[in-house]
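# Residue-level structure breakdown
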Amino acid sequence: MARQEIFYVGRVVKTGFKQEDLISALLTSKPVILNDLVWTIVNSTLLIDENRNKPYIYGKLSKSKKLGSVTVLTNELNKEIEKEEPYLIDASSEFVYIPGFSGIIFRLNPGKIEPKQFIKWFNKIVEDTLGIIFVECSIKLIDDLRDFYQKIIKLDKITTLQSKVNPPNPLFGKFWEPLKNYLIGRNADEVVFKEVSKSGELFTRIKEILELLMNGTKEEIEDYINSNDISLVDTSILMSLDGYGDGNIIGKENNKMTKIKLHEKTLNFSIPKDHSIEDIYEKAVTIFSRINNERYMEH
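What you are looking at is a predicted structure, and each value in this text was computed from that prediction instead of being measured.

Conventions we followed
- Residues numbered from 1 in each chain as written.
- Predicted model: local features only at pLDDT ≥ 70, side-chain atom pairs only at ≥ 80, totals over all residues.
- Heavy atoms only, no water.
- Helix = DSSP H or I, 4+ residues; strand = E, 2+ residues; numbered from the N terminus.
- Buried < 20%, exposed > 50% of the residue type's maximum accessible area, 1.4 Å probe, protein only.
- Salt bridge = Lys/Arg side-chain N within 4 Å of Asp/Glu carboxyl O.
- Pairing = 2+ DSSP bridges.
- Axes fitted to C-alpha atoms, helices over the stretch in contact; angles between N-to-C directions.
- Parallel < 35°, antiparallel > 145°, perpendicular 65-115°, else oblique.
- Contact = heavy atoms within 4.5 Å.
- Nonpolar A, V, L, I, M, F, W, Y, C, P; charged D, E, K, R; others polar.
- Phe/Tyr/Trp six-rings, centres within 6.5 Å; stacked < 30°, edge-to-face > 60°.
- Lys NZ or Arg CZ within 6 Å of the ring centre and 35° of its normal.

Looking at the element boundaries, S197 is found in the loop between β10 (191-196) and α5 (206-215). By relative accessible area, S197 is classed as buried at 15%.

Okay, here's the thing in structure tokens:
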């Protein structure tokens, strides 16, 4: 069996800058130098999906050393020596960014570039390249809804809901469209929610909303939305699960306090190591299109 490589699925959340700014930053990025390490985005290319007439960007996040060494043979080919080389690449991680989904997929490089490292340095490179005050770039991984649902249905009661969300662009989910409109109406780049019930449990519908989202039809979902007054806090959890924020849920399971963090079980996929750029792009489009259909997301 061909060796497989793992890619993670997320959204790029842009605060204080626009889509065209991000595209420009990815294509003309500046390196970030920390001690003897250099982090940079290399080989970035703007490509066009001619079948769908949609743009996407391919590139690599690269980690190199200011001054590294390699083992080579002498000219006489009879002895090994260490030769110093500037900017010797230590590791890299491929990524594809698709503006139409605000979606990014990036490769895990085990022991070299883990997901948290990729996110940290990708964000830092974009922010430093833009060089604008009050700019924030963040990658939010997208949760596996069914895995998250299996965690929260074990809770006998929910006592705390906490979330932080950012305006989506260009997509929004059916359930959390009112929250998107709220953010736009307030001209807010970020909103934080926290509800706590110390004496009992919160009256939240997050469990039934998730079940309906996973198993209901579009008509059933629209009927539910039209017939119920859904809390903005509940919808903020859904928005975070879709890659536009962070949060956690605290409750009791068998009389024990349990904390469930968002983004602990995130979407990822594997693909053969000898893939092409088009292979990972097509896989990404399939994944994001499925997310849109399953979660009834629209432009």
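This structure, assessed with the given rule, holds 13 salt bridges. In this structure, E94 engages R107 in a salt bridge whose closest nitrogen and oxygen atoms are separated by 3.9 Å. Taken together, the positions of E94 in strand β5 (residues 80-98) and R107 in strand β6 (residues 103-107) put the pair 13 residues apart, joining distant regions of the chain. The pair formed by E94 and R107 is uniform in burial state, with each residue classed as buried. The salt bridge partner of K124 is D128, with a shortest N-O separation of 3.4 Å. Here K124 and its partner D128 are both found in helix α2 (residues 115-130), four residues apart, which amounts to about one turn of the helix. A relative accessible area of 35% means that K124 is categorised as partly exposed. Residue D128 is classed as partly exposed on the basis of its relative accessible area, which comes to 34%. Salt bridges linked by common partners bring E5, E94 and R107 together as one network.

Time to look at the sheet that holds strand β12 (residues 256-261). As summarised here, the arrangement of the four strands in space is β10-β8-β11-β12, forming an open sheet in which the pairing is antiparallel. Among the strands making up the open sheet, the edge pair consists of β10 and β12. Geometrically, the sheet is characterised by an average inter-axis angle of 10 degrees between neighbouring strands, direction not taken into account.

Two elements in contact, helix α4 (residues 177-186) and helix α7 (residues 232-244), have axes whose closest approach is 9 Å; the angle formed by their N-to-C orientations is 100 degrees. Taken together, the axes of α4 and α7 lie roughly perpendicular to each other. Judged by residue contacts, P178, L179, Y182 and L183 of α4 engage L232, T235, S236 and M239 from α7. A class-by-class count of the residues in the contact of α4 with α7 yields six nonpolar, two polar and no charged.

With respect to burial, strand β7 (residues 136-141) is a largely interior element, five of its six residues being buried. In the sheet, strand β1 (residues 4-15) pairs with β7 via six bridges, with the strands oriented antiparallel. The residue bridging R11 from the neighbouring strand is K140, located in β7.

Within the element layout of this structure, L88 appears in strand β5. Classification of L88 as partly exposed rests on a relative accessible area of 26%. Taking C-alpha positions, L88 is 5.4 Å from K65, a pair spaced 23 residues apart along the chain.

What follows is about the packing of aromatic side chains. Aromatic ring pairs are described here by two measures, namely the spacing of the ring centres and the angle between the planes. Following the criterion strictly, the structure yields eleven aromatic pairs and no others. Ring centres 5.3 Å apart and planes at 15 degrees place the aromatic pair F101 and F288 in the stacked group. Pair noted here: F101 is in the loop between β5 and β6 and F288 is in helix α8 (residues 277-294), with a separation of 187 residues, a long-range link. Here F101 and F288 have matching classes, each one buried. K180 extends its terminal NZ or CZ atom over the ring of F172, reaching a point 4.0 Å from the ring centre.

Taken by themselves, the reported measurements are silent on function.
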